[in-house]
Amino acid sequence: MLFFLLSGCAQNIGTGNHDLSPRLASLTLHAGQTTRGQAFQVFGSPSTISYTDQVLWPYAGHEILYPPGTREIWSYFASSVTGMAPLSYSPVRSRRQLIKVFFDERGIVTGWDAIPLNN
């Protein structure tokens, strides 16, 4: 019973990689240098992995141009909601973020893209 009472006081609910941010990506993902293993160490397991030979892929109204040589794409998704505590006057805020990391056939980063998914 105590668990249910305390869980109602939660200030933050989230899914995915909570450290996901364009700032972290810009500090750690360097085209032509960062390896697949290094990206895994920083961001962990991706939400999805896809393979492509296409040049253009639309996602939620945001067009992503693949960097030349891209063969593999790791997608990371994070979502969080704050301000949900009972008897709190703070507004409820949600934040959704998608980061795509592009790799060549050798597993080296060719680039990345951050897509905010907030409505």
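Scoring rules and cut-offs
Residues numbered from 1 in each chain as written. Predicted model: local features only at pLDDT ≥ 70, side-chain atom pairs only at ≥ 80, totals over all residues. Heavy atoms only, no water. Helix = DSSP H or I, 4+ residues; strand = E, 2+ residues; numbered from the N terminus. Buried < 20%, exposed > 50% of the residue type's maximum accessible area, 1.4 Å probe, protein only. Contact = heavy atoms within 4.5 Å. Areas by Shrake-Rupley, 256 points an atom, 1.4 Å probe, with all protein chains shown as cover. Polar contact = N/O pair within 3.5 Å; in protein donor to acceptor, adjacent residues only side chain to side chain. Core = buried A, V, L, I, M, F, W, Y, C linked by side-chain atoms within 4.5 Å. Phe/Tyr/Trp six-rings, centres within 6.5 Å; stacked < 30°, edge-to-face > 60°. Lys NZ or Arg CZ within 6 Å of the ring centre and 35° of its normal. pLDDT = per-residue confidence, 0-100.

1. Examining the overall build of the protein
Consideration 1: Summing up its helical and strand segments, the protein has three helices and seven strands in all.
Consideration 2: In the protein, the succession of α and β elements from N to C terminus is α-β-α-α-β-β-β-β-β-β.
Consideration 3: Out of the 119 residues in the protein, the part that is buried amounts to 34%.
Consideration 4: Within the protein, counting contacts between residues at least 6 apart in sequence, those at least 24 apart form 59% of the total.
Consideration 5: Roughly 7,700 Å² of accessible area belongs to the protein as shown, and the carbon and sulfur atoms make up 59% of that amount.

2. Here we look at the side chain of Thr34
Consideration 1: When you line up the elements, Thr34 lands in the loop between helix H2 (22-28) and helix H3 (36-43).
Consideration 2: Separated by 2.8 Å, the side chain of Thr34 and the backbone nitrogen of His30 make a polar contact.
Consideration 3: Excluding anything up to four places from it in sequence, Thr34 contacts Thr28, Leu29, Ala39, Gly107, Ile108 and Val109.

3. Digging into the nonpolar core
Consideration 1: Ranked by size, the top nonpolar core spans 13 residues in total, and within it Leu29 and Val101 carry the most contacts.
Consideration 2: Secondary-structure elements contributing two or more residues to this core are H3, strand E5 (72-82), strand E6 (93-103) and strand E7 (109-116).
Consideration 3: Once residues lying within four places of it in the same chain are set aside, the contact partners of Val101 are Leu29, Glu72, Ile73, Trp74, Tyr76, Val109, Gly111 and Trp112.

4. Describing the side chain of Ser21
Consideration 1: Examined against the element boundaries, Ser21 turns out to sit in the loop between strand E1 (12-16) and H2.
Consideration 2: Judged by relative accessible area, which is 19%, Ser21 ranks as buried.

5. So, the packing of aromatic side chains
Consideration 1: If you walk through the whole model with that rule in mind, you get four aromatic pairs.
Consideration 2: An angle of 40° between the planes, with centres 5.3 Å apart, marks the rings of Phe43 and Tyr76 as tilted. Here Phe43 is found in helix H3, whereas its partner Tyr76 is found in strand E5, with 33 residues between them in sequence.
Consideration 3: A ring pair is formed by Tyr66 and Phe102, whose centres lie 5.6 Å apart and whose planes are at 65°; its orientation type is edge-to-face. Of this pair, Tyr66 sits in the loop between strand E4 (62-65) and E5 while Phe102 sits in strand E6, and the two are 36 residues apart along the sequence. Accessibility assignment for this pair places Tyr66 and Phe102 in one class, buried.
Consideration 4: Within the aromatic cluster, the residues linked to one another by ring pairs are Phe43, Trp74, Tyr76 and Phe103.
Consideration 5: The lysine or arginine in question, Arg36, covers the ring of Phe103, its NZ or CZ lying 5.7 Å from the ring centre.

6. Details of the confidence of the model for the protein
Consideration 1: Per-residue pLDDT for the protein has a mean of 75; in total, 60% of the residues score no lower than 70.
Consideration 2: Confidence over residues 1-16 falls short of pLDDT 50; this stretch has 25 contacts with residues more than four positions distant or in other chains.

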